Amino acid sequence: MSKKWMIPACAGFLLISLSACKADLSKQKKMEILEDEALTSRVLTAEQQAQLTPQQVLDTLKQGNKEFVNDDLTVRNNTARVREAAMGQYPKAVILSCLDSRVPVEDVFHRGIGDIFVARVAGNIVNEDILGSLEYACKVSGSKLIVVLGHEYCGAIKSAIDDVELGNITALLAKIQPAVRTAGEGYQGDKSSSNPEFVERVCDYNVLLGVENIRQHSPILKEMEDKGEIMIVGAVYNMKTGEVEFID
């Protein structure tokens, strides 16, 4: 084997080694960036939860939704958060949302593991089981905020407007009928599911009536709200923009 051949081979080996080294450094740099961007805040403790006010929690959710809308999302260290949350949970809020798969509640508010309770049921209706879940979230586990979250183009809302009857769905839709009737009072337009304006109107009323149902049928939560320990609010998710609009 000649030296003439060996020299380029050695040079090639050095180039390969340098390239591998550079790749390792690049990979390490990327890992450092990811670690810097990762959500390093730890899972909320009982003491930290107790110090929060309902308004602070509401502001946090509003800010999180802005980040979701703007695609300004944080890389979350979910593996660590899973381990931290294993022995206890102290969520800030509880969201009563529709069953709809197009409304990823935790993502919508840019929240991670251990941050919020989520109760999901078609039409975000309020019944005895939901009330018990909300009472558990607030009275037992210390959550500071209840959000009844409706959304555009809700199939349950449309079905209630159309007076659909099918199995157990019939009883569920009956709980939305008060919103259909209220929305129809004084409304001069087409009161059918083919009218987007009316569907939106029913959705809004369904959220507001849900908030009132919680207050009327849960003395525990009503008392907590009266004392300023929690807030109960309504909101609607915009399917096109991802924005959550809080309503009175």
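Here, the structure is the one placed above.
This section reports on the structure supplied with the text. (Residues numbered from 1 in each chain as written. Predicted model: local features only at pLDDT ≥ 70, side-chain atom pairs only at ≥ 80, totals over all residues. Heavy atoms only, no water.)

Let's talk about a negative patch on the surface
Defined as follows: Residues qualify for a patch when their relative accessible area is over 30% and they have no salt bridge, like charges being joined within 9 Å and the nonpolar side chains of Val, Leu, Ile, Met, Phe, Trp and Tyr within 5 Å. Surface accessibility in these figures is a Shrake-Rupley result with a 1.4 Å probe; residues are shielded only by whichever protein chains are displayed. A carboxyl oxygen of Asp or Glu within 4 Å of a side-chain nitrogen of Lys or Arg is what we treat as a salt bridge. Only four residue types enter the charge count: Lys and Arg as positive, Asp and Glu as negative, with His and the chain ends excluded. Positions of charges follow a simple convention, taking NZ of Lys, CZ of Arg, CG of Asp or CD of Glu. Categorising residues by exposure relies on relative accessible area from a 1.4 Å probe, with only protein chains included: less than 20% of the type maximum marks a residue as buried, more than 50% marks it as exposed, and the intermediate range marks it as partly exposed.
Together, Glu-197, Glu-200, Glu-243 and Glu-245 give the surface a local cluster of negative charge. A relative accessible area of 46% means that Glu-200 is categorised as partly exposed.

Details of the sheet that holds strand β3 (residues 145-151)
Applied cut-off: Any two strands between which DSSP finds at least two bridges are classified as paired. Secondary structure elements follow DSSP: runs of H or I no shorter than four residues count as helices, runs of E no shorter than two count as strands, and numbering proceeds from the N terminus. For helices, the axis comes from a line fit to the C-alpha atoms of the stretch in contact; other axes are also lines fit to C-alpha atoms, and the angle between any two N-to-C directions lies between 0 and 180 degrees. Here, residues are in contact when the closest pair of their heavy atoms is within 4.5 Å.
Here we have 5 strands laid out as an open sheet, ordered β2-β1-β3-β4-β5, and mixed in their pairing. Lying at the two open borders of the sheet, with one neighbouring strand each, are β2 (116-120) and β5 (244-247). Pairs of neighbouring strands in the sheet enclose a mean axial angle of 25 degrees, with direction left out of account. Relative to β3, strand β1 (residues 93-97) runs parallel, the two sharing 5 bridges. When the bridges of β3 are listed, Ser-97 appears paired with Leu-149. The strands touched by helix α3 (residues 54-69) are β1, β2, β3, β4 (231-237) and β5; relative to β4, the strand with the most contacts, the crossing angle is about 15 degrees. Contacting β3, β4 and β5, helix α10 (residues 196-217) crosses the sheet at an angle of about 165 degrees to β4.

Some thoughts on the nonpolar core
We apply this condition: The nonpolar core is taken to be a set of buried Ala, Val, Leu, Ile, Met, Phe, Trp, Tyr and Cys residues, with the residues joined through side-chain atoms within 4.5 Å.
If you look at the biggest cluster of nonpolar residues, it comprises 39 residues, and the most contacted ones within it are Ile-146, Val-202, Ile-214 and Leu-221. The element contributing the most residues to this core is α10, with 7 residues. What Leu-221 contacts, discounting residues up to four positions off in sequence, is Leu-134, Glu-135, Cys-138, Ile-146, Ile-214, Ile-230 and Ile-232. If you look at the next biggest cluster of nonpolar residues, it comprises 18 residues, including Leu-58, Ile-95, Ala-235 and Val-244.

Digging into the packing of aromatic side chains
Selection criterion: Classification of ring pairs uses Phe, Tyr and Trp, with its six-membered ring standing for Trp, and accepts pairs whose centres are within 6.5 Å; under 30 degrees between planes counts as stacked, over 60 as edge-to-face, and the remaining range as tilted.
If you walk through the whole model with that rule in mind, you get 2 aromatic pairs. Between Phe-117 and Tyr-136, the ring centres sit 6.2 Å apart and the planes meet at 75 degrees, which makes this aromatic pair edge-to-face. With Phe-117 in strand β2 and Tyr-136 in helix α6 (residues 128-140), the pair connects residues that are 19 residues apart, well separated along the chain. Here the aromatic rings of Tyr-187 and Phe-198 are separated by 5.3 Å at their centres, their planes lie at 35 degrees, and the arrangement is tilted. In this pair, Tyr-187 is assigned in the loop between α9 (177-184) and α10 and Phe-198 in helix α10, connecting sequence segments 11 residues apart. For the pair Tyr-187 and Phe-198, a shared accessibility class is recorded, and that class is buried.

Topic: the state of the cysteines
Stated precisely, the cut-off is as follows: When the sulfur atoms of two cysteines come within 2.5 Å, that pair is taken as a disulfide.
Taken as a whole, this structure holds 0 disulfides when the rule is applied. The thiol of Cys-98 is unpaired, and the distance to the nearest cysteine sulfur, on Cys-154, comes to 4.0 Å. Not engaged in a disulfide, the cysteine Cys-203 finds its nearest cysteine sulfur in Cys-154; these two sulfurs lie 6.4 Å apart. According to the relative accessible area criterion, Cys-203 is buried, its value standing at 6%.

Considerations on the pairing of β4
By the criterion of burial, β4 is predominantly enclosed, with 6 of the 7 residues buried. Examined bridge by bridge, β3 and β4 share 7 bridges and lie parallel to one another. Its bridge partner lying in β4, His-151 is registered against Tyr-237. Strand direction decides the pairing type here: β4 and β5, joined by 4 bridges, are antiparallel. Considered in β5, the bridge of Ala-235 is made with Phe-246.

Some points on the pairing of β1
Burial runs high along β1: 5 of the 5 residues are buried. Burial of the side chains of β1 extends over both faces: Ala-93, Ile-95 and Ser-97 are buried on one face and Val-94 and Leu-96 on the other. Pairing of β1 with β2 involves 5 bridges; the strand directions are parallel. Each bridged residue has a counterpart across the sheet, and for Leu-96 the counterpart in β2 is Ala-119.

Digging into a nonpolar patch on the surface
A contiguous nonpolar surface patch, about 250 Å² in accessible area, is contributed by Val-164, Leu-166 and Ile-169. Considering the arrangement of structural elements, one finds Val-164 in the loop between α7 (155-161) and α8 (169-174). What makes Val-164 partly exposed here is its relative accessible area of 32%.

Details of the environment of Val-148
Take Val-148: it is sitting in strand β3. Sequence-wise, Val-148 and Cys-98 are 50 residues apart; in three dimensions their C-alpha atoms are separated by 9.0 Å. Leaving out residues up to four positions away in the same chain, Val-148 has contacts with Leu-96, Asn-124, Val-207, Gly-210, Val-211, Ile-214, Val-233, Gly-234 and Ala-235.

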